[in-house]
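Below are the chains, spelled out letter by letter.
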Amino acid sequence: IISSFLNCALADSFNFEHIGDSPQNSDVSTNQGVGYSITFTNQWTEDNHPFRYPSSDHWSRFVYASHSSDYVMWEDGGTASGGVENVAEIGSTGTLLREIAGKKNEGSVLDEVVGSGIGKASEGATSIPGEDLCADASHPYVSGISMIAPSPDWISGLYKLR
């Protein structure tokens, strides 16, 4: 299970915590695909980040993809694709999902899932996609992104988590 907790509004990374009764290291054969459930739990609140905290705080829908090393959804210092730009500026995921579909056709992306947005960034609010994200030996990385609103250019997420 992947569980992420945002540490600050413009976090450089997410923290991941092993939860549940499953083993920390998988015993699944490397030639089999596996499914991961993803839960994003908000910790970005006015209590945790009081300096200039916005009054209309919320998150856009969350997009996650499993992929090979050939795919880059986004990364620090990288150039944003049109899809990432739309997520960052207006919270729209359609262009990014079309880009991911193209990369699935090329073979660098295996699967994608979308989690709901969070209408009010309250402590403990969650976004959970309705299905598991599949990964395999050729697509062992996970990247994800969401817009932090109301800013027109704040994003947070993870990239190339293995």
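Residues numbered from 1 in each chain as written. Predicted model: local features only at pLDDT ≥ 70, side-chain atom pairs only at ≥ 80, totals over all residues. Heavy atoms only, no water.

1. Points about the overall build of the protein chain
This is how it is decided: Only DSSP runs of H or I with at least four residues qualify as helices, and only runs of E with at least two residues qualify as strands; both kinds are numbered from the N terminus onward. With a 1.4 Å probe rolled over the protein chains alone, any residue whose accessible area is under 20% of its type maximum counts as buried; one over 50% counts as exposed, and the rest are partly exposed.
Each helix and strand counted, the protein chain has two helices and 11 strands in total. Order of helices (α) and strands (β) in the protein chain, N terminus to C terminus: β-β-β-β-β-β-α-α-β-β-β-β-β. Every one of the 162 residues in the protein chain was classed for burial, and the buried ones make up 41%.

2. Notes on the packing of aromatic side chains
Think of a pair of aromatic rings as described by two things: how far the centres are apart, and how the planes are tilted against each other in angle. Under the convention used in this document: For Phe, Tyr and Trp, rings pair up if their centres lie within 6.5 Å, where Trp contributes its six-membered ring, and each pair is then called stacked (planes under 30 degrees apart), edge-to-face (over 60) or tilted (otherwise). Look at NZ for Lys and CZ for Arg. If either is within 6 Å of the ring centre and within 35 degrees of the ring normal, a charge sits over the ring.
In the structure shown here, the tally under the stated rule is eight aromatic pairs. Pairwise contacts between aromatic rings join Phe40, Trp44, Tyr53, Trp59, Phe62, Tyr64 and Trp154 into one cluster. Across from the ring centre of Tyr141, 5.5 Å away, lies the NZ or CZ of Arg162, which sits over that ring.

3. With respect to the nonpolar core
As a rule of thumb, soluble globular proteins bury nonpolar side chains together. Convention followed: Take the buried Ala, Val, Leu, Ile, Met, Phe, Trp, Tyr and Cys residues and link them wherever side-chain atoms come within 4.5 Å; each set so joined is a nonpolar core. Here, residues are in contact when the closest pair of their heavy atoms is within 4.5 Å.
In terms of nonpolar packing, the biggest core is built from 15 residues, with Phe40, Trp44, Trp59, Phe62, Tyr64, Ile118 and Leu133 touching the most fellow members. Those elements that provide at least two residues to this core are strand E4 (38–41), strand E6 (62–67) and strand E10 (141–149). If we ignore the near neighbours within four places in the chain, the residues touching Ile118 are Phe40, Asn42, His58, Trp59, Ser60, Phe62, Ala125, Thr126 and Ser127.

4. Focus on the pattern of salt bridges
We apply this condition: Whenever Lys or Arg places a side-chain nitrogen within 4 Å of a carboxyl oxygen from Asp or Glu, that contact is recorded as a salt bridge.
According to the stated counting rule, one finds three salt bridges in the structure shown. Residue Glu112 is joined to Lys104 by a salt bridge in which the shortest nitrogen-to-oxygen separation is 3.0 Å. Judged by its relative accessible area of 22%, Glu112 falls in the partly exposed class. When its relative accessible area of 32% is taken as the criterion, Lys104 is described as partly exposed.

5. Concerning the environment of Gly33
Summarising the element assignment, Gly33 is placed in the loop between strand E2 (15–16) and strand E3 (34–36). Note on Gly33: relative accessible area 55%, which makes it exposed. Each C-alpha atom of the pair Gly33 and Ser138 lies 9.3 Å from the other, and the pair is 105 residues apart in sequence. Residues in contact with Gly33, not counting those within four places in the same chain, are Ala135 and Asp136.

6. Re unusual backbone geometry
In most cases, non-glycine residues show a negative phi, while peptide bonds are predominantly trans. In the segment running from Ala149 into Pro150, the intervening peptide bond is cis, with an omega of 25 degrees. In this structure, Arg52 is a non-glycine residue whose phi angle is positive, near 55 degrees. Topologically, Arg52 is positioned in the loop between E4 and strand E5 (58–59). Residue class for Arg52 comes out exposed when judged on its relative accessible area of 72%. Positive phi outside glycine occurs at Lys160, with the angle close to 50 degrees.

7. Focus: the pairing of strand E11 (residues 155–161)
Formally: Whether two strands pair comes down to DSSP finding at least two bridges between them.
Where E10 lies against E11, five bridges are found, and the strand directions are antiparallel. Across the sheet, the residue bridging to Ile145 is Gly157, located in E11. Hairpin remark: E10 followed by E11, antiparallel, with five residues in the connecting loop.

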